[in-house]
Amino acid sequence: METQFGLLGPLYVRCGDAAFGVAAARQRIVLATLALRARQAVSFQELAKTIWDGSPSAKAQVTVRNYVSRLRYTLGPAGGRIVTCAPGYLLDAADDEVDALAFIRLCRYGAAALQRSEWQRAWDLLDSALSLWRGTPLADIPSRALRDEHVLVLESMRMQAIEWRLEAGLHLGRHSELLPELEALVREQPLRERFRVQLMLALYRCGRQGEALAAYRAIRQSLVGELGIEPGPDLQQLHQRILAADPALVLASRAGAAPDSRLSPDGASGLPGLPPHQMPASLRHFAGRTDELAALDRLLGEVGQPGGTVVISSIGGTAGIGKTALAVHWAHRVADRFPDGQLYVNLRGFDPSGTPVTPAEAVLDFLDALGTPPGRIPAQPGAQVALYRTLAAGKRLLILLDNAHDTDQVRPLLPGSPGCLVLVTSRATLTGLATADGARLLVLDRPSRSEARDLLTRRLGTGLMTAEPAAADELIGLCARLPLALSIAAARATARPGFPLAALVAELRDVSGRLEALEGESATSSLREVFSWSYRQLSGPAARLFRLLGMHPGPDISAAAAASLAGLPPRRGQAALRELALANLITERVPGRFAFHDLLRAYAAEQAEAQDPIQERRAATGQMLDHYLYATETAACALEPNQELVPHDPPRPGVTLEAIIGCDQALAWFYAEHKVLLAVIEQAAANRFDTCARLLPWMLVTFLDRAGRWQDIITTNHLALACSQRLDDLSGQARTHRNLARAHVRLGRLDLARAHLEQAIELYLRLADQVGEARAHLMAGVVYQGGDQFAESLRSSQRALDLAEATGHLELRATASNNVGYCYAMLGDFATALTYCRRALRLHRGLDSPSLEATTWDSLGYIYRHLDDHRQATRSYLRAVALWRDLGARYLHADALTNLGDTYRGAGDLESARSAWQQALTILDDLSHPRAGEVRARLQPPDLATACTHS
């Protein structure tokens, strides 16, 4: 039943033929607050602040509930319009049912008509607006906060509306009938110059020139006498024109003229002559999206260009990302640029009903909104579209096609007028609309952390955010910065005002229950339901891949790995990924790599568990692990050809193998995948895929060592050690202890390194594995070097060399020879050192091992520098620097640069020394390595003034 809420005077409510009074003062405050923000949720906190003028009681929420309950009873059938809506209540009333809102809207339309010189239309609209006034707004609402916010604004708008209405009346020739009203207004507002201009013009047109001039003298006397200023330019110019009897001031009376023929009943709005204004209410807590709003603003410059076409922007993005909120917020910002109206339709392309709105249904709604009488609407859909485009021609309309399913649903709703702008929102990426119709595609990503924090602050208030900053930050992360999730979480928090924010955060920490914790009261506010609308649209292969992606640990996945996970040929895998990307269920952040946020991952995993048998899920996980195992092995061998490999089973059927050739490709692959590989190792260990959980950490060691990611070596190899122990694999345990020692020695933790090496050597002795024992003794030699124990280092290195020669292992012979030579050099026997290192260099060249060759060149550089052969030392270090740089071995590259700088300093080349040290320092600082302090000291002036010793 139609209901009217009156605020422009004492409060009244009329429902049908019945009128209702509200005797209780605070109930009137509640109703006025809700009516002024009709169809917008008003929180308990806001209502309480308004009722108690900013000082609510401790039990305010309970009291507000009681007021609302009594108010509903008082209003009878109209009480049902007050709807409970988290985080409070809203009044379900259209703008034209609340006189204050209807007044504002009519004023806006009247101003637009005035701007277009549509005088009769402006007169009718503004006259209708002013007729709504019954007295002082909110006259019986005892809320200072409410009156301060609204009364002055409404009264100022009323005076402006009166000016505009009089302006239109004078253009219509109504000067004679307007004289009494103008004389009264001038008495009430003696210093308002516009009323005086209008009075003078009306008097002059009525043949009363002398009185018009007298009116000017009166206002001038008041302004000069009271304010000490002269009349404004409008008054002065009119005064001069009246004195000159300007014939352009004379206007034939049109008081009896027929109404503007353009006015016709508007069935959609119920108000005659009004353009449609169908946009939903803008989200009150809208935050951020500065770049996206700017991109939409740029479209305004293209609207109405000569020879142009309709401007279209398609806003895409995943479920809950805020597409509609952005579109509606922007539409309200620019509504005044489209004076012929705004059209809106929810096309329900992704809707729980599963029934999208057909283009024919939407066109009929638009025809009705544009004031087309039913008898003039043709029967054929094609003719209806043609009529819609005819009515839109020449108009400036803003049209929002919300929640579109595909391009075919949108295209019939596009007008042909270049003065129109169309916004389309869709979870699908409507590339066809861009290709054929010139749409600008705007794909929304999740808001930044600062934008998400702003959104949460607007909903929760600064007090709660300031009281629990750590909990607020964690909440943002747990909600994956997804606007819908943040809104649901905020609603839950405000519904329990006595609970700490940390309690909600604790509920959300469990990934498996997070979707349950983010359930809203309706389908549109439930993450699980909102995600499902997109998921249901997928083809079978894409839906299965989406489910399986929920089992991938992330943070992203390559196309080849996704195909292996689903057991699909690469082309079919890429097709399924494209479908998911177009549906905005995954995002292609960089070419060939795909990701989705944690909440979508949780939903995908939930669907996999519900629909895919456990055997199929485990088989898919095995295919994924095989993919990474073989790709990592390929990349590791490209990075270091003499890689220490372990035999293992061939990959499962359906695994896509990657071709990784050369050191550069290997490094690029490792840098792209290393975060994924760390997560995959953890997943493999947790799910008892022990072979993969052992082998992958071993294969990663070379890359992680060269990249300076030594803590990652420690983390992954501890998992490998646990798996090796479960399998009772002594050789695997020994190798893992060696790897752990390698990482600890890089980090300067020599005691831990020794402990791991002692265990490794003991295991190799039990296994009678001389090659393994030799490798362990080589690492022990490095540990001793770190502690400046060069005699002990020489003994370990010599033991390794003896074992290498006994086994005939060429690589170990070369490496051990270099290590023995370096130890002799550190002990001061440079001649013997040179012999061993030259032998190592010859062996390394035969092995085609750039890393081992680089190590030997570094040793030779040290030897030559201490033999005072700076030319050979410089040449040796330059070779080492180039090799380590090309191999991507950052720490060793920095170490060689430091030694090179020392050599330049010894030769007196201070400029080159500083350059080399600065390059080394940049790398070490980036690695946060403790040796950075030593290199920084070399760059200080006192150090440059003295000779450098070996680093």
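Residues numbered from 1 in each chain as written. Predicted model: local features only at pLDDT ≥ 70, side-chain atom pairs only at ≥ 80, totals over all residues. Heavy atoms only, no water.

K.L.:
Got a minute to help me understand the overall build of the protein in this structure?
P.N.:
For the protein, the count of helices and strands is 43 helices and 14 strands. Relative to the 2.2 N^0.38 estimate, which gives 30 Å for 951 residues, the radius of gyration of the protein is 40 Å and therefore markedly larger than a compact globule would have. The C-alpha extent of the protein, read off along each of the three principal axes, is 125 × 70 × 65 Å. Every one of the 951 residues in the protein was classed for burial, and the buried ones make up 53%. (Helix = DSSP H or I, 4+ residues; strand = E, 2+ residues; numbered from the N terminus. Rg over C-alpha atoms; globule rule 2.2 N^0.38 Å. Buried < 20%, exposed > 50% of the residue type's maximum accessible area, 1.4 Å probe, protein only.)

K.L.:
Looking at this model, I keep getting lost on the nonpolar core. Mind explaining?
P.N.:
Most often, soluble globular proteins keep nonpolar side chains buried together rather than apart. Core analysis: the biggest nonpolar cluster contains 202 residues, and Leu401, Leu527 and Phe546 have the highest contact counts within it. When near neighbours in sequence (up to four residues on either side) are disregarded, Leu527 contacts Leu482, Leu484, Ala485, Ile488, Leu515, Leu518 and Leu599. (Core = buried A, V, L, I, M, F, W, Y, C linked by side-chain atoms within 4.5 Å. Contact = heavy atoms within 4.5 Å.)

K.L.:
Quick question: what am I supposed to make of helix α39 (residues 870-887) here?
P.N.:
Count 3.6 residues to each turn of an α-helix, and residues three or four apart come out pointing the same way. With 18 residues, α39 should cover 26 Å at 1.5 Å per step; its first-to-last C-alpha distance of 25 Å lies within 8% of that length. Those residues of α39 that are buried are in contact with α28 (614-639), α29 (662-686), α30 (690-707), α38 (850-866) and α40 (890-906). The positive-phi residue at the C-terminal boundary of α39 is Gly888, with phi of around 75°. (Expected span 1.5 Å × (residues − 1).)

K.L.:
Any chance you could explain the pattern of salt bridges here in plain terms?
P.N.:
In a structure, side chains of opposite charge can pair up when their charged atoms sit close to one another. One pass over the structure, following the stated rule, counts 47 salt bridges. The closest approach of N and O atoms between Arg28 and Asp140, which form a salt bridge, is 3.9 Å. On the criterion of sequence distance, the pair formed by Arg28 in helix α1 (residues 25-36) and Asp140 in the loop between α5 (119-130) and α6 (144-171) is long-range, its members being 112 residues apart. Residue classification places Arg28 among the buried positions, given a relative accessible area of 13%. The class of Asp140 is partly exposed, set by a relative accessible area of 25%. Salt-bridge contacts for Arg799 lead to Glu773; the nearest nitrogen and oxygen are separated by 3.4 Å. Here Arg799 is found in helix α35 (residues 790-807), whereas its partner Glu773 is found in helix α34 (residues 770-786), with 26 residues between them in sequence. Overall, the relative accessible area of 37% leaves Arg799 in the partly exposed class. Salt bridges linked by common partners bring Glu644, Arg738, Arg775 and Glu811 together as one network. (Salt bridge = Lys/Arg side-chain N within 4 Å of Asp/Glu carboxyl O.)

K.L.:
Looking at this structure, I do not really get the sheet that holds strand β14 (residues 593-595). What am I missing?
P.N.:
Backbone hydrogen bonds are what pair the strands of a sheet, in a parallel or an antiparallel way. The strand order β12-β14-β13 describes an open sheet built from 3 strands, whose pairing is antiparallel. The strands lining the two open edges of the sheet, one partner per strand, are β12 (557-558) and β13 (587-590). In terms of strand pairing, β12 meets β14 through 2 bridges, oriented antiparallel. From the neighbouring strand, Ile557 faces β14, where its bridge partner is Phe594. (Pairing = 2+ DSSP bridges.)

K.L.:
Can you help me understand the side chain of Glu97 in this one?
P.N.:
Inspection of the secondary structure assignment puts Glu97 in the loop between β6 (88-91) and α4 (99-115). Among the polar contacts made by the side chain of Glu97, one reaches the side chain of Arg81 at a distance of 2.9 Å. From its side chain, Glu97 meets the backbone nitrogen of Ala94 in a polar contact 2.9 Å long. Discounting residues that sit within four places of it in the chain, Glu97 has contacts with Glu2, Thr3, Gln4, Phe5, Arg81 and Asp92. (Polar contact = N/O pair within 3.5 Å; in protein donor to acceptor, adjacent residues only side chain to side chain.)

K.L.:
What is the right way to read empty space enclosed by the protein from this model?
P.N.:
Where empty space is left can be seen by rolling a probe of water-molecule size over the atoms. Per the stated rule, a full pass over the model turns up 3 cavities of 30 Å³ or more. The computed volume of the largest cavity comes to approximately 80 Å³. Lining the largest cavity are Leu549, His552, Gly554, Pro555, Asp556, Ile557, Ile586, Phe594, Ala595, Phe596 and Arg601. Grouping the constituent residues of the lining of the largest cavity by class yields 7 nonpolar, 2 polar and 2 charged. (1 Å grid on protein atoms, 1.4 Å probe; cavity = no way out; pocket = protein on both sides within 12 Å on 5 of 7 lines; lining within 4 Å. Points joined across faces, edges and corners; volume = space filled by probe spheres on them. Nonpolar A, V, L, I, M, F, W, Y, C, P; charged D, E, K, R; others polar.)

K.L.:
Explain the sheet that holds strand β5 (residues 82-85) here, please?
P.N.:
Read across the sheet, 3 strands follow the order β4-β6-β5 without closing on themselves; strand pairing throughout is antiparallel. The open sheet is flanked by β4 (42-43) and β5, the only strands paired with a single partner. Where β5 lies against β6, 4 bridges are found, and the strand directions are antiparallel. Bridging from a neighbouring strand, Val83 pairs with Leu90 of β6. On top of the sheet, α1 reaches β4, β5 and β6; it is set at about 65° to β6, its chief contact. (Axes fitted to C-alpha atoms, helices over the stretch in contact; angles between N-to-C directions.)

K.L.:
Any chance you could explain the packing of aromatic side chains here in plain terms?
P.N.:
For any pair of aromatic rings, the description rests on two quantities: the centre-to-centre distance and the angle between the ring planes. For the coordinates displayed, the defined rule picks out 15 aromatic pairs. Arranged with centres 6.3 Å apart and planes meeting at 50°, the rings of Phe546 and Tyr603 form a pair that is tilted. You can see Phe546 sitting in helix α24 (residues 540-549) and its partner Tyr603 sitting in helix α27 (residues 598-611), a full 57 residues away along the chain. Taking the relative accessible area as the measure of exposure, Phe546 reaches 0% and is therefore buried. (Phe/Tyr/Trp six-rings, centres within 6.5 Å; stacked < 30°, edge-to-face > 60°.)

K.L.:
Can you walk me through the packing of helix α8 (residues 193-205) against helix α10 (residues 233-243) in this structure?
P.N.:
Geometry of a packed helix pair, given as the angle between the helix axes and the separation of the axes. Between α8 and α10, whose axes approach to 10 Å, the crossing angle comes to 15°. The angle between α8 and α10 places the two elements in the roughly parallel class. Here the hand of the crossing between α8 and α10 comes out left-handed. In this structure, α8 uses Glu193, Arg194, Arg196, Val197, Met200, Leu201 and Tyr204 to contact α10, whose residues at the interface are Asp234, Leu235, Leu238, His239 and Ile242. (Parallel < 35°, antiparallel > 145°, perpendicular 65-115°, else oblique. Left-handed = near helix turned anticlockwise from the far one by under 90°.)

K.L.:
Explain unusual backbone geometry here, please?
P.N.:
Across the chain, the bulk of peptide bonds are trans and the bulk of non-glycine residues have phi less than zero. A cis geometry characterises the amide bond from Gly554 onward to Pro555, with omega recorded as 5°. Looking at where Pro555 falls in the secondary structure, it is placed in the loop between α24 and β12. In the Ramachandran plot, Ser117 falls in the positive-phi region, its phi being about 60° despite a non-glycine side chain. Relative to the elements of secondary structure, Ser117 occurs in the loop between α4 and α5. Notably, Ala245 is not glycine yet its phi reads approximately 50°, a positive angle. Within the secondary structure, Ala245 sits in the loop between α10 and α11 (290-299).

K.L.:
In this structure, what is going on with the pairing of strand β9 (residues 398-404)? I would like to understand it.
P.N.:
Within β9, 7 of the 7 residues are buried, which leaves the element mostly enclosed by the surrounding structure. Judged from the 5 bridges that link them, strand β8 (residues 342-346) and β9 form a sheet pairing that is parallel. Counted as the bridge partner of Tyr344 is Leu400 from β9. Bridge count between β9 and strand β10 (residues 421-426): 5 bridges; the pairing is parallel. Bridge pairing in β10 links Leu398 to Leu421.

K.L.:
I would appreciate a short explanation of the environment of Ala122 in the present structure.
P.N.:
When you line up the elements, Ala122 lands in helix α5. Through-space distance from the C-alpha of Ala122 to that of Pro650 is 81 Å; in sequence the pair is 528 residues apart.

K.L.:
Any chance you could explain the confidence of the model for the protein here in plain terms?
P.N.:
Caution is warranted with low-pLDDT regions, since their predicted coordinates should not be read in detail. Of the residues in the protein, 93% reach a pLDDT of 70 or more, and the chain-wide mean stands at 85. Confidence drops under a pLDDT of 50 for residues 252-273, and excluding neighbours within four residues, the segment shows 39 contacts in the predicted structure. Under a pLDDT of 50 for its full length, residues 943-951 has, in the predicted model, 30 contacts with residues more than four places off or in other chains. (pLDDT = per-residue confidence, 0-100.)

K.L.:
Honestly, α4 in this entry has me stumped. Any pointers?
P.N.:
With 17 residues, α4 extends 24 Å between its outermost C-alpha atoms, agreeing within 8% with the 24 Å of an ideal straight helix rising 1.5 Å per residue. Extensive coverage of α4 is indicated by the burial of 13 of its 17 residues. Just beyond α4, the residue with positive phi is Ser117, at close to 60°.

K.L.:
Is there a simple way to explain the environment of Asp402 in this structure?
P.N.:
Following the sequence through the fold, Asp402 ends up in strand β9. Overall, the relative accessible area of 4% leaves Asp402 in the buried class. Note: C-alpha distance between Asp402 and Gln237 (165 residues apart in sequence) is 51 Å. Those residues within four positions of Asp402 in sequence are excluded, and the remaining contacts are Thr324, Tyr344, Val345, Asn346, Leu347, Arg348 and Thr425. Of note is the side chain of Asp402, whose polar atom sits 2.4 Å from the side chain of Thr425.

K.L.:
Looking at this model, I keep getting lost on the state of the cysteines. Mind explaining?
P.N.:
Each disulfide is one covalent bond, formed between the sulfur atoms of two cysteines. Within the structure shown, the criterion is met by 0 disulfides. The thiol sulfur of Cys637 is not disulfide-bonded, and the nearest other cysteine sulfur, from Cys663, lies at 13 Å. (Disulfide = S-S within 2.5 Å.)

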